[in-house]
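# Structure assessment
One letter stands for each residue in the lines below.
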Amino acid sequence: MELGWLLWGAAVLLLLHLLMELSPAVNFVLRIGFYYVLCIVCSGLTAPVCLLVNGGRTVKNMRIIKTVVKSFKYFFGLRFEVKGLENFDVEGPAIIVSNHQSILDMMGLMEVLPDGCVQVGKKELMYAGTVGLITYLGGVIFINRKSTTSAKMVMAEVAKTMTADNVKVWVYPEGTRNCTGDLLPFKKGAFHLAVQAQVPVIPVVYSSFTTFYNPKKNLFTSGKIKVEVLPPIETKGLTSDDVSDLTDRCYNIMRETLFRLSGRSGEGKDSS
Ligand SMILES: CCCCCCCCCCCCCCCC(=O)SCCNC(=O)CCNC(=O)[C@H](O)C(C)(C)COP(=O)(O)OP(=O)(O)OC[C@H]1O[C@@H](n2cnc3c(N)ncnc32)[C@H](O)[C@@H]1OP(=O)(O)O
Ligand SMILES: CCCCCCCC/C=C\CCCCCCCC(=O)OC[C@@H](O)COP(=O)(O)O
């Protein structure tokens, strides 16, 4: 009886393997589907641990979430090469800005996430079942992207509390996922936040995923991601009039770094 089940299991695995070899679409759907399942199941298992250890919604839960998510890369054959982690060692709060390519970014995020750091996320994430629960418990700040007024109010509140709570805030300034190998124009929320709280901006850049991940081409293989944490940009003394310049400065540094890390040297200079 047991041998029968084993043989059936082996046959199903072999069939899936053959299908994945033969069809890139099947390979993509199975791999990305597995990522979703992993996120949903691990969130469901991690949430009670967070509740038991820390009692509710707190940034301290990010340590637990990070430990779990850091193991995901082994399932997908992803390797991270990280440089510049010492640039996170600023005294007190800071705004961290990074490029946002895919839902896979959660793995890269957790690879470098400093202690005491929460992310700004779209409010729709809150309703994503167990993933919503874990992002809530981890202290993610939810914003309504469809209402600039409401998003600005949330961000202004964060500017007031981040110094008192001594937290770093991670914002994806492109405001949405973008897997083109380039950057979208930056939204200004992160930079207003940095100026209002008078805290430094720390840019983090991930090399382009396009060589191993492209949903339009059903491409999802193993790959290496280079990550660079860049030196902090001070905002002391800056006012709201300086936000546009600060945004452009960060955009240019990050775009140049993105192209360098992705092997497109020489591109990205002197563009705005
Ligand atoms: C165990 C297993 C676990 C598995 C799983 C775990 C996962 C555990 C980690 C989860 C991690 C989640 C990560 C999610 C990742 C996202 O969900 S990314 C999407 C959400 N994030 C964002 O959108 C952030 C970036 N967006 C912004 O900052 C935008 O500026 C805002 C605040 C949303 C506003 O949007 P907007 O109106 O479209 O933007 P924008 O053109 O910048 O602003 C309009 C005007 O308002 C002004 N303005 C903007 N903000 C302000 C401000 N704060 N004050 C004053 N003026 C302002 C601008 O200057 C502009 O005026 P002008 O300069 O043109 O005159
Ligand atoms: C009862 C409802 C059940 C709903 C189940 C939904 C399950 C969703 C499950 C797994 C998703 C795992 C993803 C981990 C977190 C990803 C965060 C993320 O990358 O969000 C995208 C957001 O930055 C930008 O969104 P858009 O590109 O503007 O769109």
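Residues numbered from 1 in each chain as written. Chains lettered and ligands numbered in written order. Predicted model: local features only at pLDDT ≥ 70, side-chain atom pairs only at ≥ 80, totals over all residues. Heavy atoms only, no water.

### Details of helix H5 (residues 105-112)
Residues separated by three or four positions in an α-helix point in the same direction, a consequence of the helix having 3.6 residues per turn. Judged by how many residues are buried, H5 sits mostly within the fold: 7 of 8 residues are covered. Buried within H5 are the following residues: Asp105, Met107, Gly108, Leu109, Met110, Glu111 and Val112. (Buried < 20%, exposed > 50% of the residue type's maximum accessible area, 1.4 Å probe, protein only. Helix = DSSP H or I, 4+ residues; strand = E, 2+ residues; numbered from the N terminus.)

### Points about the site of ligand 2
Near ligand 2 there are 15 residues, and of these His100, Lys122, Arg145, Thr176 and Arg177 occur at the shortest range. In this structure, His100 approaches ligand 2 through a side-chain N or O atom, which is 2.6 Å from an oxygen atom. Between Lys122 and ligand 2, the recorded distance is 2.9 Å, taken from a side-chain N or O atom to an oxygen atom. Within the complex, 69% of the 760 Å² of free accessible area of ligand 2 lies under protein. Counting residues per element, the ones that place at least two in the shell around ligand 2 are helix H2 (24-54) and helix H6 (129-137). With 3 residues, H2 is the largest single contributor of residues to the shell around ligand 2. (Near = heavy atom within 4 Å. Polar contact = N/O pair within 3.5 Å; in protein donor to acceptor, adjacent residues only side chain to side chain. Areas by Shrake-Rupley, 256 points an atom, 1.4 Å probe, with all protein chains shown as cover.)

### Some thoughts on a nonpolar patch on the surface
On the surface, a cluster of nonpolar side chains totalling about 850 Å² of accessible area is made up of Trp5, Trp8, Val12, Leu13, Leu15, Leu16, Leu19 and Leu30. Counting residues per element, the nonpolar patch draws most heavily on helix H1 (residues 2-22), at 7 residues. Following the sequence through the fold, Trp8 ends up in helix H1. Judged by relative accessible area, which is 60%, Trp8 ranks as exposed. (Patch = residues over 30% accessible without salt bridge, like charges linked within 9 Å, V, L, I, M, F, W, Y side chains within 5 Å. Salt bridge = Lys/Arg side-chain N within 4 Å of Asp/Glu carboxyl O.)

### Description of the UniProt feature "transmembrane region" (unreviewed entry) in the protein chain
When the UniProt feature table is mapped to this numbering, "transmembrane region" (unreviewed entry) covers residues 34-53 and 125-143. Across residues 34-53, the secondary structure splits into 100% helix and 0% strand, with the terminal C-alpha atoms separated by 28 Å. What you have in residues 125-143 is 47% helix and 16% strand, and the ends, taken at the C-alpha atoms, are 10 Å apart. (UniProt positions renumbered as here; feature names shortened; annotations may be inferred.)

### A look at H6
Listing the buried residues of H6 in full gives Gly132, Ile134, Thr135 and Leu137. Structurally, H6 contributes buried residues whose contacts are with H2, helix H3 (61-69) and strand S4 (141-143). (Contact = heavy atoms within 4.5 Å.)

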